[in-house]
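Secondary and tertiary structure notes
Here is what each chain is made of, one letter per residue.
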Amino acid sequence: MDQQLDTPLLAFDPTDPVALTQALVRCPSVTPAEGGALALLATVLASAGYSVHRPVFSADGMPDIENLYARIGTEGPVLVIAGHSDVVPVGDAEAWTRDPFGGVIVDGVLYGRGACDMKGGLAAMISAALRFRRDNPQAPGSIAFLITGDEEGPAINGTIKLLAWAQSRGERFDHCLLGEPTNPASMSDMIKIGRRGSLTGKLTVNGKQGHVGYPHLADNPIRGMVRLLAALDATPLDGGTTHFDPSNLEVTTLDVGNPSSNVVPAQAKAVFNIRFNDSWTPETLAAEIERRLREAAGNLVRYELAFQPTNAVAFLTEPGPFVTMVADAVEAETGKRPALSTTGGTSDARFIKNYCPVVEYGVVGQTMHQIDERVAVADLTALERITHRLLDSYFALQHKP
Ligand SMILES: [Zn+2]
C-alpha cells in the first residue's frame, strides 16, 4: 500500500552526505522497526521530485516490513540504487563509547549503528543522486531507489518482494548499484561483482549405545562421523574459477553431548556450511556431498543427511562496460583501481541479479555489526563524489565536480 506523503521542510541539506547519514543514524531502525528512517528518506526524495512508494509486505508469523521505492525520470536507461535502512541490534549498549543512535562526529569519524552497514552508503548515494539531478535537471534516463527495511532480518518481506512488486508495476531496470560496505580498509579496495552461494547440511550418524568395556555390544557413531567428515574434507571441492576463490566447506558444529566417559553414545550430529563458487548450483553441490558420504560410509556407517533450503546461489556480473564504469569512477576519485571481488558473505545482490546486472560498492566495512560501528567522514564524501561521477558517465554527461 502507498502512503500519502507529506513533505515537511528538512532541517539539513540532503545533498550533504554527512548530514544525511547523521539524520539516518538517529532513526533507531533495528529490524523490523522502520524507526523513522524510511519516512525520512521518503521526505528527502519526494522533496527532490521523486515519485515515492512505501509498500508494506507481510508473511505469516512475521512482522510487517516497510520498504521504499522511488524514481525520478520516465525514460531509460534506468539505474537503480539499492540498499537497506534497517540495522542490527546495538548489542551491549554499555560497551559503546558513543550513543549508537547519536550520529556524533569525533575526529572526523561518524559513530552509530548502521554508520557503515549501510546508512552511510545509502546516504552518500542519495546525496549524489540529488546533486546530480539538481545540477542536470534535463538529465536523460531515470534514477530509482530500491530500499528495504528487511535485509538484516529474515529478508522475506524485503528486497525479493520489492523487486517483484516493482516489476508488476512495469518497472524495468538496466543496471543496479548496491551500496553495501564492500571495502576492507580504504575506499579504493574493492568492488563486488558477484557473491558465493551458501549451502548448509546437517549430518546425523546413528550407532548403538553401550558400555565402553563391551564395545562388541555397542556401535560408536563417533567413529563413523569422523570417517564421514574426513571424506568431506579429503579433496578440495574445486580449484576456484576465473573470478571466484575455491569453494570452501566448514564444519560448524559437532555434537555428541555425552556426559559419561564409560558410555558409548548412540548418536553424533554435525552441521557444515559450504560457501561455493559459480562452478556449482545448490543441487549439483548437494549431489557431490551425497556421493562422497555414500562412498565413505559403505555399509559400515548408518547416517542421515539433510540440507537446509537455500536461496543463496553463486552469481557473477561479468566484467563489462558497467563494471568498468564503476571501477573508473572509483579510480578517478581515489587514484587507485579497485579489485573486482566475489568474496565475503551473501547480500541482496543475489535477488537483484535476477532482474538486472548488479555491482556492489560502498564505504569501508571494518566495524559493521560491531560495538562502536563508525565511518570516516572523508569516506562518505568520497562515496558521494564517486557516485556522482558514475551518474555523469552512466547518463553520458560531462563530469562537473
Ligand atoms: Zn548491509
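Residue numbers restart at each chain and count upward from 1, following the sequence in its written direction. Under the rules for a predicted model, residues below a pLDDT of 70 receive no local features and side-chain atom pairs below 80 are neither given nor counted, while totals for whole chains, interfaces and linings still include all residues. Hydrogens and water are ignored here; the side-chain numbers use all heavy atoms of the structure.

Description of the overall build of the protein
As a reminder, the rule being used: By the criteria applied, helices consist of DSSP H or I runs no shorter than four residues and strands consist of E runs no shorter than two, each listed in order from the N terminus. Buried means the residue's accessible area, taken with a 1.4 Å probe over protein chains only, is under 20% of the maximum for its type, while exposed means over 50%, and partly exposed covers the values in between. Throughout, a residue-residue contact means that at least one pair of heavy atoms, one from each residue, lies within 4.5 Å. Here the Shrake-Rupley method, with its probe set to 1.4 Å, supplies the accessible areas, and only the displayed protein chains count as covering residues.
For the protein, the helix and strand inventory stands at 9 helices and 20 strands. C-alpha extents for the protein along the principal axes are approximately 85 × 45 × 45 Å. Expressed as a percentage of the 401 residues in the protein, the buried residues total 52%. Here the analysis covers contacts within the protein between residues at least 6 apart in sequence; of these, 78% occur between residues at least 24 apart. In the structure as shown, the protein presents an accessible area of about 17200 Å², 52% of it carried by carbon and sulfur atoms.

Focus on helix α5 (residues 221-234)
Note the following rule: Helix span is expected to be 1.5 Å times the residue number reduced by one. By construction, the arc corresponds to the directions joining the helix axis to the C-beta atoms.
Along its 14 residues, α5 runs 20 Å from first to last C-alpha, staying within 8% of the 20 Å computed at 1.5 Å per residue. What α5 keeps buried is the set Pro221, Gly224, Met225, Leu228, Leu229, Ala231 and Leu232. On an axial view of α5, the arc spanned by its buried residues comes to 150°, and they lie on one face. Opposite its buried face, α5 presents the exposed residues Arg223, Val226, Asp233 and Ala234, each directed more than 90 degrees away. The inward-facing, buried residues of α5 contact β11 (197-206), β13 (248-255), β14 (263-264), β15 (267-276), α6 (282-297) and β16 (302-307).

Regarding the UniProt feature "domain: Peptidase M20 dimerisation" (unreviewed entry) in the protein
Going by this rule: UniProt positions are given in the numbering used here, feature names are shortened, and annotations may be inferred rather than shown by experiment.
The positions that UniProt labels "domain: Peptidase M20 dimerisation" (unreviewed entry) are, in the present scheme, residues 193-298. Helix makes up 28% of residues 193-298 and strand 32%, whereas the separation of the span's terminal C-alpha atoms amounts to 41 Å.

A look at unusual backbone geometry
At the junction of Thr31 and Pro32, the peptide bond is cis and its omega measures out at 5° in the coordinates. Note on placement: Pro32 falls in the loop between α1 (17-25) and α2 (37-47). Backbone torsion omega between Gly76 and Pro77 reads -5°, so that peptide bond is classified as cis. Position of Pro77 among the secondary structure elements: in the loop between β3 (62-72) and β4 (78-84).

Some points on the UniProt feature "active site" (unreviewed entry) in the protein
Quick note on the threshold: Put simply, the grid is 1 Å and covers the protein atoms alone, a cavity is a trapped set of points that fit a 1.4 Å probe, a pocket is an open set with protein on both sides within 12 Å along at least five of seven lines, and lining residues have an atom within 4 Å of a point.
UniProt tags Asp86 and Glu151 as "active site" (unreviewed entry). Spatial clustering of the annotated residues is evident: they stretch over 66 residues in sequence, but the largest pairwise C-alpha distance comes to 6.8 Å. Lining residues of the largest pocket drawn from the annotated list: Glu151. Within the fold, Asp86 resides in the loop between β4 and β5 (105-106). Under the relative-accessibility criterion, Asp86 is labelled buried at 1%. Once residues lying within four places of it in the same chain are set aside, the contact partners of Asp86 are Ser29, Thr31, Asp117, Thr148, Gly149, Asp150, Glu151, Glu152 and Gly153.

What to know about the nonpolar core
Our working definition: The set of buried Ala, Val, Leu, Ile, Met, Phe, Trp, Tyr and Cys residues whose side-chain atoms join them within 4.5 Å is what this entry labels a nonpolar core.
Grouped together as the largest cluster of nonpolar side chains are 60 residues, with contacts concentrated most on Leu45, Tyr50, Leu68, Ile126, Ile143, Phe145 and Tyr361. For this core, the element with the highest residue contribution is helix α3 (residues 115-135), accounting for 11 residues. With residues up to four places along the chain from it excluded, the contact list for Leu68 reads Leu38, Leu41, Ala42, Leu45, Val52, His53, Arg54, Pro55, Phe145, Leu146, Ile147 and Leu162. Counting 24 residues, the second-largest nonpolar core is a separate cluster that includes Leu229, Leu249, Phe276 and Leu285.

Some thoughts on the layout of surface pockets
Cut-off, in case you're wondering: Grid points are joined across faces, edges and corners, and a volume is the space filled by probe spheres set on the points. Gly is placed with the polar residues, together with every amino acid not listed as nonpolar (Ala, Val, Leu, Ile, Met, Phe, Trp, Tyr, Cys and Pro) or charged (Asp, Glu, Lys and Arg).
Computed from the structure, the largest pocket encloses a volume of approximately 270 Å³. Together, 18 residues line the largest pocket, and Asp117, Glu180, Pro181, Arg195 and Met368 are the ones closest to its centre. Split by residue class, the lining of the largest pocket holds 4 nonpolar, 8 polar and 6 charged.

Digging into the coordination of the zinc ion
Filter applied, for reference: Metal-coordinating donors are taken as N, O and S atoms lying within 2.8 Å of the metal, or within 3.2 Å when the metal is Na, K or Ca; because water is left out, some sites can appear incomplete. Site shape is set this way: if four donors have all angles between 85 and 135 degrees, tetrahedral; if opposite donors are over 155 degrees apart and all others between 65 and 115, square planar for four donors and octahedral for six; otherwise irregular.
Bound to the zinc ion are the protein donor atoms His84 (NE2), Asp117 (OD), Glu180 (OE) and Glu180 (OE), situated 1.9 to 2.7 Å from the metal. For the zinc ion, the 4 donor atoms are set out with angles of 52 to 147° between them, so the coordination reads as irregular. Sequence spacing among the residues donating to the zinc ion works out to H-x32-D-x62-E. A residue pair is termed long-range when its members are at least 10 positions apart, and Asp117 in helix α3 and Glu180 in the loop between β8 (175-178) and β9 (190-192) qualify at 63 residues. Summarising the burial analysis for this pair, Asp117 and Glu180 share the class buried.

With respect to the pairing of β11
Filter applied, for reference: Two strands form a pair only when DSSP identifies at least two bridges running between them.
β11 sits mainly inside the fold: 9 of its 10 residues count as buried. Summarising the sheet, β11 and β16 pair through 6 bridges and their orientation is antiparallel. Following the sheet pairing, Asn206 is matched in β16 by Arg302.

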